[in-house]
Amino acid sequence: MRSPHPIFTHPILQLLEKCKTLQTLNQVHAQMITTGLALHTYPLSRLLFFSSSLAFSYALSIFNQTVNPTVFLYNTLISSFCNKKQHIHIAFSLYNRILTHTTFKPNSHTFPSLFKACGLHPWLDHGRALHAHVLKFVEPSYDHFVQASLLNYYANYGKLDVARYLFDEITQPDLAAWNSILASYARIASCVSSEDDIVNLSLEVFHLFHEMQNSEVRPNEVTLVALIGACANLAAVRQGAWAHVYVLKNYLRLNRYVGTALIEMYSKCGYLELAYQLFDKLPQKDTLCYNAMIGGLAIHGHGNRALSLYEKMKLEGIPPDDVTFIVTMFACSHVGLVEEGCKIFESIEEVYKFELKVEHYGCLIDLLGRAGRVKEAEKKVRKMPMKPNAVLWRSLLGAARIHGHLEVGKIALKHLSELEPETSGSYVLLSNMYASIDRWDDVKRLRKLMKDQQVNKMPGKSLLDIGGATHEFHAGDKTHPSSLEIYLKLEEMNKQLQNYGYKPRTNEVLFDIEEEEKEDALSYHSERLAIAYALLVCDSSAPIRIIKNLRVCGDCHSSAKIISVIYGREIIVRDRNRFHHFKDGSCSCLDYW
């Protein structure tokens, strides 16, 4: 076995790694000049690499004084400058110098860092030109790192179909390629708002992972982060727990990235205490870990615990980021900690010197609106320094609906119909307001407006996982194989509710029909059907876990509390906003949702 050339292990190069200031770097640089090391490409590349992290102008000065720098040196500096957003333009300037050189041409090591830089605004459009350069300058069998960087670029650019085409063209994808395509699907699934898109993208992660298992490539931590993220989106706790066991059995590192993904997965699947145990045991916790745990506590209605964890995070010197403020304010919003949430909002700019974003204002509006301070919330919207988005107007509309501010609701709907003309939820919220005060003509007018603008109401559905099989229910649904038994159970449940003194909230029904018909309509909601089936087939000692794609209606919320007492069962419902834990006649949200 040949020993490495002495130049690669020279003691001066080891000193470079210990340089923490420009002054010490100057001293090592001087030694490199006197010993002649600075005349050799590899030592010079190390000097450029370390100097670029301390003082980019110094690194550029060294490079510009180098006689006949090689493409290798160009690549070293391009890669370093691409790691900092403010220096990306210098990286592209260096790349242009390669292109205009009489004998040089870029190689497979030139492109990965440039494609990574193209994932950031305003460099997105440059990636397509770079792709053309790859085809021009690199051999057809270009290496897998270039392919992986291309996949990532197109996925960031929103061209997942192109990324998938590039992946499918690779005859034997290596780990980098598999991770790139898996991470691309997982990342886009976390950004889209359509439930169908989230489900389809997450299922594709499952499919790709299955294909990867059939190949000779072994998954690593990056692979598992994408898979666990898909499990969280689908509330597939069995598959998520399998992934957790896979990490442990295969001696993969339970690092903060895998840990954060597992915390989010267990939280979103309704297993909050498992998430907290995992969080507690992580040896290293960063901002992302804390964000995931605070967010988990928030969606389960544990606002005070979330706030305590936020304070602990600050005491331990872990810096908050934009997401930290959002999840902590969300936690405050869902339990009525208005003053605490407002203090966090004020601290974003005053204490932490962060620029306030529309998402922060969205949390503030939600916080005030849920607390009934609807007029104050509306004033905040009007005084915002940026244009309010649809999420913000929807929060205001929801608050107006809950607290009966009809005029504010109409204003919010006007803006929403301009921003999201095809979204049905906003029309339904205002219809609910009109129905609750028996303004049926206005309900009909809104329905006609929806029909004229071809806005279709999203149907509510509830999912129930039993033994690994998912059962889907829609309102009034009779397609389930056990439909007869389910409706008989519903009749029994309704009689038990009546005996308990339960009064249906018929103002939730958006049709001008008789009271008895309204009561029937409410009893056939999708979550009621799911509960009935669960009572028929589930183990009596296990909680009933249901996922609802829309906000739980007030009547189903009230009835679920009573059903939990009558049948002695814990019922856990995840709606589009949060979790509701129904037990012994009360809900974890304390009717504040």
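Everything numeric here is computed off the predicted structure, so don't read it as measured data.

What counts as what
- Within each chain, residues carry numbers counting from 1 in the order of the written sequence.
- Since the coordinates come from a predicted model, pLDDT governs what is reported: local features require at least 70, and pairs of side-chain atoms require 80 or more to be given and counted, while whole-chain, interface and lining totals use all residues.
- Side-chain descriptors were evaluated using all non-hydrogen atoms of the structure, hydrogens and water having been removed beforehand.
- Labels follow the DSSP assignment, with helices taken as runs of H or I lasting at least four residues and strands as runs of E lasting at least two, numbered in each case from the N terminus.
- Between two residues, a contact is recorded if the distance between any of their heavy atoms is within 4.5 Å.
- Each domain's extent was defined by an automatic or database domain assignment.
- Salt bridges are defined as contacts in which a side-chain nitrogen from Lys or Arg sits within 4 Å of a carboxyl oxygen from Asp or Glu.
- Exposed residues in this analysis have more than 50% of their type's maximum accessible area, buried residues have under 20%, and partly exposed residues fall in between, with area computed by a 1.4 Å probe over protein chains only.
- Following DSSP output, two strands are said to pair if at least two bridges run between them.
- Residues grouped as a nonpolar core are buried Ala, Val, Leu, Ile, Met, Phe, Trp, Tyr and Cys residues, joined through side-chain atoms within 4.5 Å.

A few points about the side chain of H131
Within the secondary structure, H131 is located in helix 8 (residues 126-137). The contact partners of H131, leaving out residues within four places of it in the chain, are F115, L150, Y154 and L166.

Quick notes on the domain arrangement of the protein chain
What the domain assignment reports for the protein chain is domain 1 (285-355), domain 2 (372-457) and domain 3 (462-587). On a C-alpha basis, the centres of domain 1 and domain 2 stand 28 Å from each other.

Details of the pattern of salt bridges
Note that side chains of opposite charge can pair when their charged atoms are close. Under the counting rule described, the total for this entry stands at 19 salt bridges. Among the salt bridges present, the one from R305 reaches E273, with a minimum N-O distance of 3.2 Å. With a gap of 32 residues between them, R305 in helix 18 (residues 303-315) and E273 in helix 16 (residues 272-281) connect regions that are remote in the sequence. Among the residues examined, R305 registers a relative accessible area of 30% and is labelled partly exposed. Using a relative accessible area of 42% as the deciding quantity, one classes E273 as partly exposed.

Let's talk about the pairing of strand 1 (residues 461-466)
Pairing geometry for strand 1 and strand 2 (residues 469-474), over six bridges, is antiparallel. For L464, the partnering residue across the bridge sits in strand 2 and is H471. The loop that links strand 1 with its antiparallel partner strand 2 comprises two residues; one of these, G467, has a positive phi angle of about 60°. The pairing of strand 1 with strand 3 (residues 544-548) spans three bridges and is classified as antiparallel. Counted as the bridge partner of S462 is K548 from strand 3.

Looking at the nonpolar core
Counting residues in each nonpolar core, the largest one holds 78 residues, and the members touching the most others are L224, I228, I263, M265, M293 and L396. Lining this core are residues from two domains, each supplying at least three of them: domain 1 (285-355) and domain 2 (372-457). Leaving out residues up to four positions away in the same chain, M265 has contacts with I228, C231, A232, V237, G240 and A241. Listed in part, the 67 residues of the second largest apolar core include Y58, F115, A163 and F167.

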